[in-house]
Amino acid sequence: MLLNTVSCVKLSGRSLRTVGFCYTLASYLAAGLEQEFGVPEVKAPQPYGFAGTDAWIRELARITHREEQAEAYIAKEHARIAPRLAELREKLKGIKGYVATGSAYAHGLIGVLRELGVEVNGSLVFHHDPIYDSHDPRQDSLAHLIDHYGDVSSFTVSNRQQYQFYGLLQRVNPDFIIIRHNGLAPLASRLGIPAAPLGDEHHALGYQGILNLGETILEILAHKKFHQDLAAHVKLPYKKEWLDLKDPFALVKPENTLDTERA
Amino acid sequence: MANTKIKTNKANPFPIVQKTNSIQQIRYVCSIAAMHSASAIPGVIPITHCGPGCADKQFMNVAFYNGFQGGGYGGGAVVPSTNATEKEVVFGGAERLRQLIDASLKVLDADLFVVLTGCISDLVGDDVGSVVSEFQQQGVPIVFAETGGFKGNNFIGHEMVTRAIIDQFVGDYSGPKEKGVVNVWSLLPYHNTFWRGDLREIKRILEGAGLKVNILFGHDSQGVSEWRNIPTAQFNLVLSPWLGLQTAQHLEEKYGQPYLHIPVIPIGAKETSAFLRKVVEFSGIDKAHAESFIAQEETSYYHYLEDFSDFYAEYWWGLPAQFAVVGDSAYNLALTKFLVNQLGIIPGKQIITENPPEEYREAIREQYRNIADDVSTDVEFEEDSYLIHQSIRQTKFGHKAPIIFGTTWERDLAKELKGAIVEVGFPASYEVVISRGYVGYRGALTLLEKIYTTTVGASA
């Protein structure tokens, strides 16, 4: 049952299980249903990349007793996407990406990018939940990312301020960024960096999502010519002194050099 | 099409089609349609010596259901015709033509008349030259071009008309040349739906760079006085993949005038600035003046591009990633160059449709092979819409529908592929075009508006 009508929401308390695939947005309602109505939430990693998707499907299969079908499906899907995935990995070799989205979604996307062989050294997430709504470690999406795909060296938690984003991009100098919110891609554009705006948030979900994201990145990389042409001809609205600072968060720190001139 | 051989098999869902001598959904017209090249010159009126219906068909095709451009001062329904019938076929049409010219001189106010012949006259062998020369000897500004349909299409007819005006009206010249003056030979008037706006922009930017420009066709031409100045220009600029080359070569022989051939009509600041620098270099005029114009134009262009970039960088619902272009070589190459180099869209399929003479094709292919420093593509030459559409159907455009830059003939195909379509060439029957142009600095911004209004409008 999808929660897309009022009558569905009314009936949701009578469901057997709740399953979500975004632990920023779905988990609050799911935890409420579990605590207040006794509807257990499926506790599994988000279905992004092979590791997450395999585990998510296996957990669903376990509680619904469909283990055999699930294993057959997993094997079939792995085999189905393998040829195109190999091609995409070849084409994306040496490409660096940057993810600037909500937290759990970013964790999922970084996993998918690394499945595609894209290097991800930086990410900006808009908040961080050290403890998820369920308080269950099986839904710790950041831990899942680090455990399966390794560390992200320049990982930033901050709201999406364009003036700070300049410094963040300088740290890793990516070939493209992934966004879902307004305000960051225009700056990247003026620096010659294309953005993949994922208007459809399900684009990168599951097995097919790995291929979808790869195709989108290839298209976006072609746009580089537009953004680099623009970058060569525009002036950013920020002062040189600000852009020269290495620390995007210098403004809120007492010991910064920005006040000296006016004083 | 009835006589096209089609084979299908299970392995290939698309039929394998063998080329025949038929053409479905035309993309060019008869050479007599070059009457539009005459009426495109202010003050010039064509006179046609052809069967009834020929001239009207050409006009309705090229100038009406193609951007609804209209006939202007001396085109369209103004054009006198001999309406040659059986009588002229059997006994010859010279006398009928003589009467028509005589009557036209009494009725029509023109600076120059251009007589164009159709298939009937050229087949029965009317001595049109001697009829016209009778009037020329009386000092009547009149020339003739024998443009029977079997001579070629309207592109070929265009160069016949320009040559007729040069040889029979402009005449010989051996005096000095004026430095910094250029004759421009570029888009085919009327056949290219946006020629008026485009020629205006080409003139504007060349003048901005410091040249004096004989644009020769369109509202910004000075008409026959400008044509009379052709021989005194420093050089000719052929701004198209091939059209105009014969004219320029003829002028080189006739007046000792050098020519500069630039195959890519520039769209967007990057290409346009590079274009201007090439022309300035060739002419040897003041570079500093040109650079200051380029800087000024780029400042304005990139301000608008910066505004556009928010949309281009973060429009949620996705934009087309691959494109196809179907159309005549001038726009086909110009658009492909712009889309690849300045928008970063991936070339899917390019098909050139005006049947360029064989000798120019390899040079055109070479342009596509080197479309960008790091992008190579290819191009097909095809005139039959049935085959063109099959070729596009068989193209892999990735996981999203392509955007097609084509003609009205591609409307149904775009629907079938669930893609977007921008009509950029003959026939563009779902565009009303007055002064709009797509080239240069300003035209590129208009083109961007057109492309993305079409794209986002599709979801309305």
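Everything below is about the structure printed above this text.
Keep in mind that what you see is a predicted model, and the values were worked out from it rather than measured.

Peer 1: Is there a simple way to explain the overall build of chain A in this structure?
Peer 2: Helices and strands together make up the secondary structure of chain A, namely 11 helices and five strands. When the backbone C-alpha atoms are referred to their principal axes, chain A occupies close to 65 × 45 × 35 Å. Considering chain A as a whole, with its 263 residues, one finds that 52% of them fall into the buried category. Considering only contacts within chain A whose residues lie at least 6 apart along the sequence, 65% involve residues at least 24 apart. On chain A, roughly 12,900 Å² of surface is accessible, and the fraction owed to carbon and sulfur atoms is 55%. Charge separation in chain A, taken as the distance between the mean sites of 28 positive and 31 negative side-chain charges, equals 4 Å.

Peer 1: Would you mind showing me how to read the overall build of chain B here?
Peer 2: Across its full length, chain B holds 17 helices and 14 strands. Taking 2.2 N^0.38 as the reference for a compact globule, 460 residues should give roughly 23 Å; the C-alpha atoms of chain B span a radius of gyration of 23 Å, in line with that estimate. A principal-axis box enclosing the C-alpha atoms of chain B has dimensions of 70 × 60 × 40 Å. Put simply, chain B has 460 residues, and 60% of those count as buried. Once local pairs closer than 6 in sequence are excluded, the contacts in chain B between residues at least 24 apart make up 72%. For chain B, the exposed area adds up to about 18,400 Å²; of that, 52% sits on carbon and sulfur atoms.

Peer 1: Would you mind showing me how to read unusual backbone geometry here?
Peer 2: Peptide bonds are trans in most cases, and residues, glycine excluded, mostly fall at negative phi. Following Phe426 of chain B, the chain continues into Pro427 of chain B via a peptide bond in cis, with omega recorded as -5°. Its place among the elements puts Pro427 of chain B in the loop between strand E14 (420-423) and helix H17 (440-457). Located in the positive-phi region is His135 of chain A, a residue other than glycine, with phi close to 60°. Within the secondary structure, His135 of chain A sits in the loop between strand E2 (119-125) and helix H6 (141-149). Phi angles above zero are rare outside glycine, and Gln25 of chain B is one such case at about 55°. With respect to the helices, strands and loops of the structure, Gln25 of chain B is situated in the loop between strand E2 (16-17) and helix H1 (35-39). Residue Gln25 of chain B is classed as partly exposed on the basis of its relative accessible area, which comes to 27%.

Peer 1: I would appreciate a short explanation of the sheet that holds strand E4 (residues 112-117) of chain B in the present structure.
Peer 2: Consider a sheet: its strands pair through backbone hydrogen bonds, and that pairing is either parallel or antiparallel. Residue and element names in this part refer to chain B. Strand order in this open sheet of three strands is E3-E4-E5, and the pairing throughout is parallel. What marks the edges here is a single partner per strand, and that holds for strand E3 (44-49) and strand E5 (142-146). Across this sheet, the average inter-strand angle for adjacent strands is 25°, counted without regard to direction. Bridge count for E3 against E4 is six bridges, and the pairing is parallel. Note that in E4 the partner of Pro46 across the bridge is Val114.

Peer 1: What exactly am I supposed to notice about the environment of Gln170 of chain A here?
Peer 2: Residues and elements named next belong to chain A. Locating Gln170 in the fold gives a position in helix H7 (residues 162-172). Judged by its relative accessible area of 45%, Gln170 is partly exposed. Between the C-alpha atom of Gln170 and that of His202, which follows or precedes it by 32 residues, the distance is 29 Å.

Peer 1: Can you help me understand the nonpolar core in this one?
Peer 2: In a soluble, globular protein the nonpolar side chains are often hidden away together inside. Counting residues in each nonpolar core, the largest one holds 117 residues, and the members touching the most others are Ile165, Leu206, Trp227, Leu237, Leu343 and Phe405 of chain B. The biggest single contributor to this core is helix H13 (residues 329-343) of chain B, with nine residues. Those residues in contact with Trp227 of chain B that sit more than four places away from it in its chain are Ile41, Thr162, Ile165, Ile166, Val170, Trp185, Leu216 and Phe217 of chain B. With 46 residues, the next largest nonpolar core counts Trp56, Ile57, Ile95 and Ala106 of chain A among its residues.

Peer 1: I would appreciate a short explanation of the interface of chain A and chain B in the present structure.
Peer 2: Where the parts come together, the accessible area they lose is often given as the size of the interface. Between chain A and chain B, the contact holds 30 residues from the first and 26 residues from the second. For the pair chain A and chain B, the two sides together bury roughly 2,300 Å², of which 59% comes from carbon and sulfur. Of all residues in chain A, Glu219, Lys225 and Phe226 of chain A bury the most surface against chain B, accounting for 29% of the area lost on that side. Counting across the chain A and chain B interface gives four salt bridges. Of the charged contacts in the structure, one is a salt bridge between Arg190 of chain A and Asp310 of chain B, with a shortest N-O distance of 3.2 Å. For the pair chain A and chain B, the number of links is 14 residue pairs in polar contact (both at pLDDT 80 or more). Sorting the residues of the side of chain A that touches chain B by element identifies helix H8 (185-190), strand E5 (195-197), helix H9 (206-222) and helix H10 (224-231) of chain A as the ones contributing at least two each. The dominant element in the side of chain A that touches chain B, judged by the number of residues it contributes, is H9 of chain A, at six residues. For the side of chain A that touches chain B, the residue count by class is 11 nonpolar, 11 polar and eight charged.

Peer 1: It is not clear to me how the sheet that holds strand E11 (residues 346-352) of chain B should be interpreted in this structure. Could you clarify?
Peer 2: Residue and element names in this part refer to chain B. Reading across from one edge, E12-E11-E10-E13-E14 is the order of the five strands in this open sheet, with parallel pairing throughout. Strands at the two margins of the open sheet, each flanked by one partner only, are strand E12 (380-381) and E14. The pairing of strand E10 (residues 322-327) with strand E13 (residues 403-406) spans three bridges and is classified as parallel. Its bridge partner being in E13, Val325 is matched across the sheet by Phe405. The strands touched by helix H15 (residues 385-393) within the sheet are E10, E11 and E12, with E11 carrying the most contacts at an inclination of about 165°.

Peer 1: What is the right way to read a nonpolar patch on the surface from this model?
Peer 2: All names here are of chain B. The grouping of Val89, Val90, Phe91, Leu123, Val124 and Phe150 at the surface amounts to a nonpolar patch, some 650 Å² of accessible area in total. At the level of elements, helix H3 (86-91) and helix H5 (119-124) are the ones that each hand at least two residues to the nonpolar patch. Among the elements that take part in the nonpolar patch, H3 stands out by supplying three residues, more than any other. Structurally, the position occupied by Phe150 is in the loop between E5 and helix H7 (154-170).

Peer 1: It is not clear to me how the packing of helix H3 (residues 49-64) of chain A against helix H4 (residues 67-91) of chain A should be interpreted in this structure. Could you clarify?
Peer 2: Packed helix pairs are characterised by how far apart their axes lie and by the angle those axes make with each other. All names here are of chain A. Here H3 crosses H4 at 165°, and the two axes come no closer than 10 Å. One finds that H3 runs roughly antiparallel with respect to H4. Once H3 is placed against H4, the crossing between them reads as right-handed. The segment H3 lies against H4, with Phe50, Asp54, Ile57, Arg58, Ala61 and Arg62 engaging Glu67, Ala70, Glu71, Tyr73, Ile74, His78, Ile81, Leu85 and Arg89. Its residues assigned to classes, the contact of H3 with H4 shows eight nonpolar, one polar and six charged.

The rules behind each value
- Residues numbered from 1 in each chain as written.
- Chains lettered and ligands numbered in written order.
- Predicted model: local features only at pLDDT ≥ 70, side-chain atom pairs only at ≥ 80, totals over all residues.
- Heavy atoms only, no water.
- Helix = DSSP H or I, 4+ residues; strand = E, 2+ residues; numbered from the N terminus.
- Buried < 20%, exposed > 50% of the residue type's maximum accessible area, 1.4 Å probe, protein only.
- Contact = heavy atoms within 4.5 Å.
- Areas by Shrake-Rupley, 256 points an atom, 1.4 Å probe, with all protein chains shown as cover.
- Lys, Arg positive; Asp, Glu negative; His and termini not counted.
- Charge placed at Lys NZ, Arg CZ, Asp CG, Glu CD.
- Rg over C-alpha atoms; globule rule 2.2 N^0.38 Å.
- Pairing = 2+ DSSP bridges.
- Axes fitted to C-alpha atoms, helices over the stretch in contact; angles between N-to-C directions.
- Core = buried A, V, L, I, M, F, W, Y, C linked by side-chain atoms within 4.5 Å.
- Buried area = accessible area lost by both parts, 1.4 Å probe.
- Salt bridge = Lys/Arg side-chain N within 4 Å of Asp/Glu carboxyl O.
- Polar contact = N/O pair within 3.5 Å; in protein donor to acceptor, adjacent residues only side chain to side chain.
- Nonpolar A, V, L, I, M, F, W, Y, C, P; charged D, E, K, R; others polar.
- Patch = residues over 30% accessible without salt bridge, like charges linked within 9 Å, V, L, I, M, F, W, Y side chains within 5 Å.
- Parallel < 35°, antiparallel > 145°, perpendicular 65-115°, else oblique.
- Left-handed = near helix turned anticlockwise from the far one by under 90°.

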